[in-house]
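In case you want the letters, here they are:
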Amino acid sequence: MLNIHTTFFDLDKIAESGQCFRWKKTGEQAYEIPAYGKTLNIRQEGDRLYLDCAQAEYDEIWRDYFDLASDYGQYEQELRTRSDTSSYLYEATKAARGIRILKQDLWEVIVSFIISQNNNIPRIKGCIEKLCERFGGFPDAKQILDGGMKELDGLGLGYRQQYILAAALLYHGNGDGSTEKELRSLDYKEAMKSLLRWLGIGPKVANCICLFGLGHKEAFPRDVWVKRIEAEHFDGHFPEENYPGYAGVLQQYIFFYERSRKHGGD
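All figures in this text were calculated on a predicted structure; none of them were measured in a lab.

Calculation criteria
Residues numbered from 1 in each chain as written. Predicted model: local features only at pLDDT ≥ 70, side-chain atom pairs only at ≥ 80, totals over all residues. Heavy atoms only, no water. Helix = DSSP H or I, 4+ residues; strand = E, 2+ residues; numbered from the N terminus. Rg over C-alpha atoms; globule rule 2.2 N^0.38 Å. Buried < 20%, exposed > 50% of the residue type's maximum accessible area, 1.4 Å probe, protein only. Contact = heavy atoms within 4.5 Å. Areas by Shrake-Rupley, 256 points an atom, 1.4 Å probe, with all protein chains shown as cover. Lys, Arg positive; Asp, Glu negative; His and termini not counted. Charge placed at Lys NZ, Arg CZ, Asp CG, Glu CD. Salt bridge = Lys/Arg side-chain N within 4 Å of Asp/Glu carboxyl O. Pairing = 2+ DSSP bridges.

Peer 1: Would you explain the overall build of the chain in this entry?
Peer 2: Within the chain one finds 13 helices and five strands. Taking 266 residues into account, the globule formula puts the C-alpha radius of gyration at 18 Å, and the chain, at 18 Å, falls close to it. For the C-alpha atoms alone, the extent of the chain along its principal axes is close to 55 × 45 × 35 Å. Out of the 266 residues in the chain, the part that is buried amounts to 52%. Looking at the chain alone, contacts between residues at least 24 apart form 65% of all its contacts between residues at least 6 apart. Summed over its atoms, the accessible surface of the chain is roughly 12400 Å², and 47% of this surface lies on carbon and sulfur atoms. Here the chain contributes 34 positively and 40 negatively charged side chains, and the mean placements of these two sets differ by 2 Å.

Peer 1: Sorry if this is basic, but what is going on with the pattern of salt bridges here?
Peer 2: When the charged atoms of two side chains lie near each other, side chains of opposite charge can form a pair. Applying the stated criterion across every chain, the model contains 13 salt bridges. In this structure, Glu108 and Arg22 form a salt bridge, with 3.0 Å as the shortest nitrogen-oxygen distance. Within this pair, whereas Glu108 is found in helix α5 (residues 106-115), its partner Arg22 is found in the loop between α1 (11-15) and β2 (24-27), the two being separated by 86 residues in sequence. Given a relative accessible area of 11%, Glu108 falls into the buried group. Across the pair Glu258 and Arg261 runs a salt bridge, and its minimum N-O distance is 3.2 Å. Of this pair, Glu258 and Arg261 both sit in helix α13 (residues 247-261), three residues apart, roughly one helical turn.

Peer 1: Help me understand the pairing of β2 in this model?
Peer 2: Within a regular strand, the side chains alternate between the two sheet faces. Bridge analysis of β2 against strand β3 (residues 30-35) gives three bridges, and the strand direction is antiparallel. Its bridge partner lying in β3, Lys25 is registered against Tyr31. Turn length for the β2-β3 hairpin, with the two strands adjacent in sequence and antiparallel, is two residues, and the turn residue Gln29 shows positive phi of about 50 degrees.

Peer 1: Explain unusual backbone geometry to me, please; I cannot follow it from the model alone.
Peer 2: Keep in mind that most residues, glycine aside, have a negative phi and that most peptide bonds are trans. We note that Asn118 has phi near 50 degrees; this positive angle belongs to a residue other than glycine. Assignment of secondary structure puts Asn118 in the loop between α5 and α6 (121-135).

In structure tokens form, the structure reads like this:
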């Protein structure tokens, strides 16, 4: 079992931040996490992480998955120089300290956030759990295509079924991974432009894909919660242009903070 020291990291806050839907809580600050064909058991004690994996697997998958190479303390320091310490944004940053932007499997992110449309977190998790049960794990694009619309019936996906099937067709392409390579080669604005051409993918879902699947931390998804926060605290618009390269981190902070203040919600 690996023992890793880290700061600005909180498993419980990450689990409740609305970016991952398949984590299973196994104890106090402990989770079972499936990703990239592996399953990690991890627990946290203060600034120590205990990961049930070999060093090679940690180096290959989990260091990047948890974004451990990024200095989240620097984001907070930069914000401190820009915001009054009594401001809503600064309070949100303190409350959400420990959230990191996970680097998740791109295809899983695409499907998960298509499912997230007009949905709340418990229902999203339920749909994804049923999808995994149906396919014996999170299905890749080819499995979706081979199963067709019939295999997506009865999972509570509704109109989203056609969007998932259309995404699978685009993503699988010729089966050579070219779509993933193309998306990863694009900058944020280009990736947004490309994703918005996909059936059923609008600005919110495209931004989620950019943030959680492509690592574009300037992406700023706007759902009902975030739009409400903007209306109440930012004169109707969060100035993401003032926080280049990490506006998406702040989006996670205000999303988490607001939901925590309101004792949860959809």
